[in-house]
Amino acid sequence: MKVYNTLTQNKDEFIPNDQEHVKMYVCGPTVYDFLHIGNFRGAIVFNLLRNWLEVKGKKVTYVYNYTDVDDKIIKRANKEGVDSSVISERFIEEFEKDFNRLGLTPHEHNPRVTEFMDEIITFVDDLVKNDKAYIVDGEIFYAIDKFSDYGKLSKKKLDDLEAGQRVEVDVRKKNPYDFVLWKPSKEGEPSWDSPWGKGRPGWHIECSAMIQGIFGKETIDIHGGGIDLIFPHHENEIAQGEGRTGCQYCNYWMHNNFINMSGEKMSKSLGNVMKARDFMDKYHGEILKYLFLSVHYRSMLSIDSDRIFQVISALDRIYSAVELANNVCESVEGDGTVDKNFQKTLSDLNMKIMNSLDDDLNSAEFISFIFEGVRAFNALGFKTKKWNANHKENSKVFKSWIHSKGAMAALFQEDPTEIKSRFDEILIIEKEINIQQVEELILKRKIARENKNWEESDKVRDELVNIGIELQDGIGKGWTIKK
Ligand SMILES: [Zn+2]
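Residues numbered from 1 in each chain as written. Predicted model: local features only at pLDDT ≥ 70, side-chain atom pairs only at ≥ 80, totals over all residues.

### Some words on the nonpolar core
In summary, soluble globular proteins display a tendency toward joint burial of nonpolar side chains. Met24, Leu48, Val124, Tyr142, Leu181, Ile287 and Leu288 are the most contacted members of the largest nonpolar core, which has 115 residues in total. Take this core: its biggest share by element is eleven residues, from helix α10 (residues 305–331). Excluding its chain neighbours within four sequence positions, the residues that come into contact with Val124 are Ala133, Ile140, Leu181, Trp182 and Ile205. (Core = buried A, V, L, I, M, F, W, Y, C linked by C-beta atoms within 7 Å. Buried ≥ 20, exposed ≤ 12 C-beta atoms within 10 Å, placed from the backbone. Helix = DSSP H or I, 4+ residues; strand = E, 2+ residues; numbered from the N terminus. Contact = placed C-beta atoms within 7 Å.)

Listed below in structure tokens is the structure:
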């Protein structure tokens, strides 16, 4: 498998330190509010990565942290007149609801900063003893000039940094880019006892402390996060980790790109910022996952209502095939044989899927191969409705194929009839379809057909087609919104 490594700026062959066991860490959320859909891109992408590594036979230990000590949490706590832990516990719980609703694989560890305070203090103390950090007025700064590799991840040069630096300089810092490891707590802020008095950690130290606290001081395999974290957060993590141990902190750095919500094209209710919770209520978690994985994780993803309609249409095609397979399995008795060509197509696709995911987790290509499988299945002559035991066998094989391939991405596990009807509900609202009118026409057509009045029934069908309804006699509720 190859992965694009921000550190080498190259697609590198992925070789874990321990061939059997991959150790990965992804920076998790600051828990002061519900999370925006963009916050879930990493969670969804790295979920596929961990599942793929497991399919490839590796044991994976995946650590995803919660930042529960932060200015934003303190601010909200003070506003609500509660302890910060009330805010962080509330939003960890809310995050976990969203996470579980998306059906992502649970992480092995979800450490909280508050649980790692001893590790953080020991870590900072080691850096002070190593002469990588200095103390001014009870505040501890990392001295980046003492770490010669500073800038190796973000490819920033210290000289450029100083020349280009515009921020107001803290005169206590030896270098403007020195960063806080520990600081005294202000009035009303949570604080912990330390050798430097009561205080709290800076942001960057938590990830390094959790990594070395959980995995030990050896190099981890994969560190992930959004590209906005490369500098300074991940650069500082390296400085801390390597400044403490003198050995490589992490071998492969993987970063997912942003999402872009194009305001003008967005439907009113979508807006420019959307919480994952609201997206799942308004649309469906499946749509969010498909949206993210249909684009390579290193590409910018633009979301607007047209794109969401395209995703619904694509998912509807896939789930229609699964629904058809279900119907065939339920209505045919006995066992048949699988079509040899179909079986060959699926095993070829399995190879192609493997190559795509091994190529820096190319999930967009992976999804295109799922479609090839759907097309091959649909071409097996189901139209006639005279289904036989061979049709049933092909349907069984197809269902289990799509189910197992989809599971890696947490996709295609829904009940097809239920999710298709959810898609209809979404489109009825988004495309402002008058559902009462539709139901009246459906009934009118039914009566006409019962009376064998074919002329009337055809006329009503045309009317339905004109308002965007597609009839599916004998499937599900018998009609769907054209997608
Ligand atoms: Zn982090």
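Next comes the rest of the account.
### Digging into the sheet that holds strand β4 (residues 59–64)
Strand order across the open sheet formed by four strands is β4-β3-β9-β10, with parallel pairing between neighbours. Two strands lie at the open edges of the sheet, namely β4 and β10 (250–256), each paired on one side alone. Strand-to-strand twist in this sheet, taken as the mean axis angle between neighbours without regard to direction, amounts to 20°. In the sheet, strand β3 (residues 21–26) pairs with β4 via six bridges, with the strands oriented parallel. (Pairing = 2+ DSSP bridges. Axes fitted to C-alpha atoms, helices over the stretch in contact; angles between N-to-C directions.)

### Side note on the sheet that holds strand β7 (residues 179–184)
Sheet architecture is open: four strands sit in the order β5-β6-β7-β8, paired in antiparallel fashion. Lying at the two open borders of the sheet, with one neighbouring strand each, are β5 (133–136) and β8 (199–201). Averaged over all neighbouring strand pairs, the angle between strand axes comes to 20°, with direction disregarded. Across three bridges, β7 lies against β8 in antiparallel orientation. By the bridge assignment, Lys183 is partnered in β8 with Arg200.

### Considering the environment of Phe366
Along the chain, Phe366 falls in helix α12 (residues 363–378). With 72 residues separating them along the chain, Phe366 and Ser294 place their C-alpha atoms 8.4 Å apart. Ignoring anything within four residues of it in the chain, the contact list for Phe366 reads Ile353, Ser356 and Leu357.

### What about helix α4 (residues 117–129)?
Compared with an ideal rise of 1.5 Å per residue, which puts 13 residues at 18 Å, α4 spans 18 Å between its outermost C-alpha atoms and is within 8% of the ideal. Packed against the buried residues of α4 are β5, β6 (139–142), β7, β8, α6 (205–215) and α7 (230–245). At the C-terminal side of α4, Asp131 shows a positive phi close to 65°. (Expected span 1.5 Å × (residues − 1).)

### Examining the pairing of β3
Of all six residues making up β3, five are buried, and the element is well covered by its neighbours. Taking the sense of rotation as the criterion, the β-α-β connection linking β3, helix α1 (residues 39–55) and β4 turns out right-handed. Note: β3 against strand β9 (residues 220–226), three bridges, orientation parallel. When the bridges of β9 are listed, Val26 appears paired with Gly224. (Right-handed = clockwise from strand over helix to strand, strands pointing away.)

### Side note on the environment of Asp70
Of note, Asp70 is situated in the loop between β4 and α2 (71–80). Residues Asp70 and Pro201 lie 131 residues apart in sequence; the distance between their C-alpha atoms is 9.2 Å. For Asp70, the residues in contact, after removing those within four places along its chain, are Thr30 and Tyr32.

### Some details on the packing of helix α11 (residues 340–358) against α12
α12 packs onto α11 with a crossing angle of 175° between their chain directions and a minimal axis gap of 9 Å. The angle between the axes of α11 and α12 places the two elements in the roughly antiparallel class. In this structure, α11 contributes Phe342, Thr345, Leu346, Leu349, Lys352, Ile353, Ser356 and Leu357 to the contact, and α12 contributes Glu365, Phe366, Phe369, Glu372, Gly373 and Ala376. Partitioned by chemical class, the residues of the contact of α11 with α12 number eight nonpolar, three polar and three charged. (Parallel < 35°, antiparallel > 145°, perpendicular 65-115°, else oblique. Nonpolar A, V, L, I, M, F, W, Y, C, P; charged D, E, K, R; others polar.)

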